[in-house]
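If you want the building blocks of each chain, they are given just below.
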Amino acid sequence: MRISFVCAVLLCAAVAQTKPTLRKERVHHEPELSRQAHEDNKSFQYDHEAFLGKDEAKTFDQLTPEESKDRLGKIVDRIDSDADGYITTAELKAWIKRVQKRYVYENVAKVWTDYDLNKDNKISWDEYKQATYGYYLEFEDATDQFSFKKMLPRDERRFKAADLNGDLAADREEFTAFLHPEEFEHMKDIVVLETLEDIDRNSDGHVDEDEYIADMFAHEDGGPEPEWVKTEREQFSDFRDLNKDGKMDQDEIRHWIMPQDYDHAQAEARHLVYESDQDKDQMLTKEEILENWNMFVGSQATNYGEDLTRNHDEL
């Protein structure tokens, strides 16, 4: 039940605060596309893992060339989001990012039925509120009422930000954005705001050096600070407080927790288009992709046993 999850989160937070050398990680990095080296060789292993995901790439390695092409054709239809018959770099990038974050969607799939109480394949705000906070709503004298009263409006604000069409009912994509806001561009302002609210103890709308350190380190015994804390104070002064006014505003917090990493998905999408675009119109047709199928999915099988993969679910 979601209630136990909330309690567990609160308990973990309480336990964490008793550890004087705890270092909290707030920086969000893009997951890597593949651990393979990106080399233009005949194996195309990096491309396979970027396009399919590591586990699915292994499955494709067991398919015959004919089976690989057949599945690739079905994937291409899904990538072509506007169904115009052409795959743009943007569509390919969106697909690669989705594959890159597959674990997020798998997580949502696991918990979906816990919240979709009326089984209409949407999760309304009322359903989520009841599943998560129903106990606290019913028993106003319950313990953790203070935390509950703080978390409920915060969750509602985040839910409404994820609910792009404003109907207070989240489809799977919207609910994914709600549960994993750091993975969605339109939710990043919410992530920054929530981070500010977590750390800003004096509620002045900024994070000063002491608040920044207190978020990572509870100085309970009055002893000397660990070396890593001293390093973090230097980091705050040198790299966090960009305008040198002694505190971080929301733009500086965004720069801290969401660094502008190299866009691997964009680079890989451009690479795949460049290598497969026979007529050089900067778009790919299904035919162009299937012509270069080995770069996208590959196959190490010649006459591999078909029954091993025949019943495998579609990607």
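Residues numbered from 1 in each chain as written. Predicted model: local features only at pLDDT ≥ 70, side-chain atom pairs only at ≥ 80, totals over all residues. Heavy atoms only, no water.

**Q** I'd like to hear about the packing of aromatic side chains, residue by residue, with values.
**A** Counted according to the given criterion, the structure contains 15 aromatic pairs. Taken together, a centroid distance of 5.4 Å and an interplanar angle of 65° make the contact between Phe159 and Phe178 edge-to-face. You can see Phe159 sitting in helix α8 (residues 145–162) and its partner Phe178 sitting in helix α9 (residues 172–179), a full 19 residues away along the chain. Each member of the pair, Phe159 as well as Phe178, carries the same accessibility label: buried. Aromatic side chains Tyr212 and Phe236 sit 5.2 Å apart centroid to centroid with 45° between the ring planes, which places their arrangement in the tilted category. Here Tyr212 is found in helix α11 (residues 209–214), whereas its partner Phe236 is found in helix α12 (residues 227–240), with 24 residues between them in sequence. Taken individually, Tyr212 and Phe236 each receive the classification buried, so the pair is uniform in this respect. (Phe/Tyr/Trp six-rings, centres within 6.5 Å; stacked < 30°, edge-to-face > 60°. Helix = DSSP H or I, 4+ residues; strand = E, 2+ residues; numbered from the N terminus. Buried < 20%, exposed > 50% of the residue type's maximum accessible area, 1.4 Å probe, protein only.)

**Q** Quick one: what's the story with the nonpolar core, residue by residue and with numbers?
**A** Counting residues in hydrophobic clusters, the biggest one holds 25 residues, and the most contacted among them are Phe51, Leu72, Leu92, Phe296 and Val297. For this core, the elements supplying multiple residues, two or more each, are α2 (45–52), α3 (54–61), α4 (65–79), α5 (89–100), α14 (264–276) and α16 (293–296). In this structure, Val108, Trp112, Phe148 and Ala162 belong to the second largest nonpolar core, which totals 20 residues. (Core = buried A, V, L, I, M, F, W, Y, C linked by side-chain atoms within 4.5 Å.)

**Q** Just give me the short version of the side chain of Glu183, but keep the residues and values in it.
**A** The residue Glu183 is located in the loop between α9 and α10 (188–199) in this model. Since its relative accessible area comes to 15%, Glu183 is described here as buried.

**Q** Quick one: what's the story with the UniProt feature "domain: EF-hand" (unreviewed entry) in the protein chain, residue by residue and with numbers?
**A** Under the present numbering, the feature "domain: EF-hand" (unreviewed entry) in UniProt falls on residues 67–102, 103–138 and 187–222. Counted over residues 67–102, helix gives 72% and strand 0%. Its end C-alpha atoms are 23 Å apart. Across residues 103–138, the secondary structure splits into 75% helix and 6% strand, with the terminal C-alpha atoms separated by 34 Å. (UniProt positions renumbered as here; feature names shortened; annotations may be inferred.)

**Q** Account for the environment of Asp120, with residues named and values stated.
**A** Relative to the helices and strands, Asp120 is located in the loop between α6 (102–115) and β1 (123–124). Residue Asp120 is classed as partly exposed on the basis of its relative accessible area of 43%. Linking Asp120 and Asp171, residues 51 residues apart in sequence, is a C-alpha distance of 9.8 Å.

**Q** Can you explain helix α13 (residues 250–257)? Please cite residues and give values.
**A** Within α13, the full set of buried residues consists of Glu252, Ile253, Trp256 and Ile257. Angular distribution of buried residues about the axis of α13 spans 120°; they occupy a single face of the element. Where α13 is buried, its residues contact α10, β3 (207–208), α11, α12 and β4 (247–248). Of the residues that open α13, the one with a side-chain oxygen 3.1 Å from the backbone nitrogen of Asp251 is Asp249. (Arc of directions from axis to C-beta. Contact = heavy atoms within 4.5 Å. Polar contact = N/O pair within 3.5 Å; in protein donor to acceptor, adjacent residues only side chain to side chain.)

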